Amino acid sequence: MANRQIVNKLKFASMLAAFPIAMVSMGNPAIAEGVNSGGSEFAQAAIEYREKALNASTAGNTEAAQIYNRLAEIKDGAAQLADEGRWDEIDWSEYHELNATLGELS
C-alpha cells in the first residue's frame, strides 16, 4: 500500500512538473513580448504559484499544493480580466481566504 502511494505521488508530481512548462510555452503573449499589459504581473505570479505547488507536492504537502494551484488559477483569471480592462470585476475574496489557510499550514 505504501509503495502505491509513493508511485501515485510521483505521478502527480511529474504531472505538475509538466504543467508550468506547458503554461510558459503557450505563454501569455504580453510576458513573452515584454509588453506590460494590465495582467502580465498576475500571469507571472500564477507561474510562480505553480512552481510552489510543484515544490509542495514533491515535499508531500498535497494540501498546500492544491492551494497553490488554486491561487494560480485565481491569478490567471485576474490577468485575463485585467487585460480586458475589467479591473473592477476581479474578486480577491477566495484568494485572501486561501492565503490565510496556507499561513495556518506553515
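Refer to the structure printed above.
Report on the accompanying structure. Not measured: the values here are computed from a predicted model. (Residues numbered from 1 in each chain as written. Predicted model: local features only at pLDDT ≥ 70, side-chain atom pairs only at ≥ 80, totals over all residues. Heavy atoms only, no water.)

Some thoughts on the overall build of the protein
Applicable threshold: Strands are runs of DSSP state E lasting at least 2 residues, helices are runs of H or I lasting at least 4, and numbering of each runs from the N terminus. Under the scheme applied here, a residue whose accessible area is under 20% of the maximum for its type counts as buried, over 50% as exposed, and between as partly exposed, the area being computed with a 1.4 Å probe on protein chains only. Whether two residues are in contact is decided by their heavy atoms: any pair within 4.5 Å suffices. Only the protein chains shown count as cover for residues, and all accessible areas are computed by the Shrake-Rupley method using a 1.4 Å probe.
Of the regular secondary structure elements, the protein holds five helices and zero strands. Of the regular secondary structure in the protein, the N- to C-terminal order runs α-α-α-α-α. For the protein, with 106 residues in total, the buried portion stands at 33%. Pairs at least 24 residues apart make up 62% of the contacts formed inside the protein by residues separated by at least 6 positions. As displayed, the protein has an accessible area near 6800 Å², and 54% of this comes from carbon and sulfur atoms.

Concerning the environment of Glu41
Secondary-structure assignment places Glu41 in helix α3 (residues 40-58). Spatially, the C-alpha atoms of Glu41 and Ala79 are 7.6 Å apart, while their sequence positions differ by 38 residues.

Topic: the nonpolar core
The following threshold applies: Buried residues of nine kinds, namely Ala, Val, Leu, Ile, Met, Phe, Trp, Tyr and Cys, make up a nonpolar core once their side-chain atoms join them within 4.5 Å.
Counting residues in hydrophobic clusters, the biggest one holds 14 residues, and the most contacted among them are Tyr49, Tyr68, Leu71 and Leu102. Of all the secondary structure elements, the ones that give two or more residues to this core are α3, α4 (62-83) and α5 (93-105). At seven residues, α4 tops the list of elements feeding residues into this core. Counting residues in hydrophobic clusters, the runner-up holds seven residues, among them Phe42, Ala79, Leu81 and Ala82.

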